[in-house]
Every structure is written in structure tokens, then in C-alpha cells.
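Per-entry structural report
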Amino acid sequence: MEHWLTTIPPFAVYLLAGLTVGIESLGIPVPGEIVLVAAAVMSSKHELSISPHGIAIAAVCGAVIGDTIGYTVGRRYGHHLFGFLERKFPHHFNKDLIAYAEHVFHRWGMLAVFFGRFIALLRIFAGPLSGSLKMHYPRFLTANLAGAICWAGGTTYLVYYLGKAAEKYLKDFSYVGLGVALLFGLALSTVLRRKLQRKVAEYAEQRRAEEAAPAE
């Protein structure tokens, strides 16, 4: 595995990180966070010649560009887009989740765009939903850029420095560190997803109770 890792061109890693994060930001459920963590771990291996700055820049650019395209598509096609995504990705999109996301974005606006970057399911919605709700683009761009820098840049450098520290104490770090980082990223995403799913279920139950209540 050590030899195989050294054959990967750094540019291919930057491109993969940027594209995966960008595609996820478009509204397509791909594992952007896991790919970003894996790329950051690889950058902490000095023999791979992969720069954490290159990873961070690629991920930030992918996030901003992907969200901007998602915003444009959402602004033009609105809820037709969510109907399409629901049919294509039924395990990731449903009416309750979309309703909850709309509630969050209506209530928090720019803050929802910023903090949504840190939660996988809301990260997918940020661009298309902001466009659908006709959020003023300069406001969206400000929150989108700030969130992308904090999430993509912060994740990259945090994992990079943790990897450099771990390399001093772990032998064969390419095996152990990369595996641990991937498992940690997957576990964290799972915890956040389940927490969000509980919130979605609670909100859906509340909405149905309000709709079923007789009007005064």
C-alpha cells in the first residue's frame, strides 16, 4: 500500500477532493467529507508530496462553485428540482426532510447556509434551497464562502496537523492513520445524520399535529 500511495499524482488528489466536495454541494449525495478527510491525511505523509494548502484550496473552490451552481439551479427550477432529487435519491431526500430544511433556512437565513456546511444532509441542501427560497445572492455568497473556508479549510488543517502528530508515534501510519481517519469521519457523519433525522421526525410530527388540529 505504501508504494501504491506514492504513485498517486498530487494534482489527482486535489482534483478528486475539489470535485467530490463540489458535486456534493450541487445537491448530489456523495461522501465529500470522507474524501476530504482522506486527502488531508495523505497530505500529512511527507513522502507523498501532497500539500495541505492544495487540498484546502481545492475543497474551498469546489464547495463555493458547487453551491453557486446549486443556488442557480434551485433559483430557476425551485421545488421541481427537489421532486427530481427525491425520485433519484429516495434514501437521501423526502418531503419531511425538505420541509425541515426549508424551516431551518427560513428561520436562520445566512446562518443556516454557514452552519449547514458542517452537517452532511444540510450541506447538500444549502445551494439549491437558498436559490429556491430566493435568498439575496450576495448574502448567500458571503455565508457560502465563509462556511466553505471554515469547514473545508478547517477540516483539512485539523486533520493534517493531527496526522503529523500521530506520524511520530504510529508505525506504518499510512495503514493505521488513513483507516482511523476514514472511520472517524464516517462515525461522525453517522452521528450527525442520526441527530438530524430525529430533528426531522420531530418537526414532521409537529407539523402533522398542527395540520390535524381543528381551526379555532
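The following refers to the structure shown. The shown structure was predicted, so the numbers you read here are calculated from the model rather than taken from an experiment.

Turning our eyes to something else, we now look at the pattern of salt bridges. Applying the stated criterion to the full structure yields three salt bridges. Residues Glu 24 and Arg 123 are paired through a salt bridge, measuring 3.0 Å at the closest nitrogen-oxygen approach. Of this pair, Glu 24 sits in helix H2 (residues 10-26) while Arg 123 sits in helix H8 (residues 120-132), and the two are 99 residues apart along the sequence. Residue Glu 24 is classed as buried on the basis of its relative accessible area, which comes to 3%. Taking the shortest distance from any N to any O, the salt bridge between Asp 67 and Arg 117 comes out at 2.4 Å. Taken as a pair, Asp 67 in helix H4 (residues 52-77) and Arg 117 in the loop between helix H7 (110-116) and H8 lie far apart in primary sequence, 50 residues in all. In terms of burial, Asp 67 and Arg 117 fall into one category: buried. Several salt bridges share partner residues, and in doing so they unite Glu 24, Glu 33 and Arg 123 into one network.

A word on the packing of aromatic side chains. Enumeration according to the criterion identifies six aromatic pairs in this entry. Judged by centre distance (5.2 Å) and plane angle (55 degrees), the ring pair of Tyr 71 and Tyr 137 falls under tilted. Taken together, the positions of Tyr 71 in helix H4 and Tyr 137 in helix H9 (residues 137-167) put the pair 66 residues apart, joining distant regions of the chain. Note on Tyr 71: relative accessible area 4%, which makes it buried. The interplanar angle of 90 degrees and the centroid separation of 4.9 Å between the aromatic rings of Phe 114 and Phe 115 together place this pair among those described as edge-to-face. In this structure Phe 114 comes out as buried when scored by relative accessible area, which is 19%. Pairwise contacts between aromatic rings join Tyr 71, Tyr 137 and Phe 140 into one cluster.

Parameters and conventions
Residues numbered from 1 in each chain as written. Predicted model: local features only at pLDDT ≥ 70, side-chain atom pairs only at ≥ 80, totals over all residues. Heavy atoms only, no water. Salt bridge = Lys/Arg side-chain N within 4 Å of Asp/Glu carboxyl O. Helix = DSSP H or I, 4+ residues; strand = E, 2+ residues; numbered from the N terminus. Buried < 20%, exposed > 50% of the residue type's maximum accessible area, 1.4 Å probe, protein only. Phe/Tyr/Trp six-rings, centres within 6.5 Å; stacked < 30°, edge-to-face > 60°.

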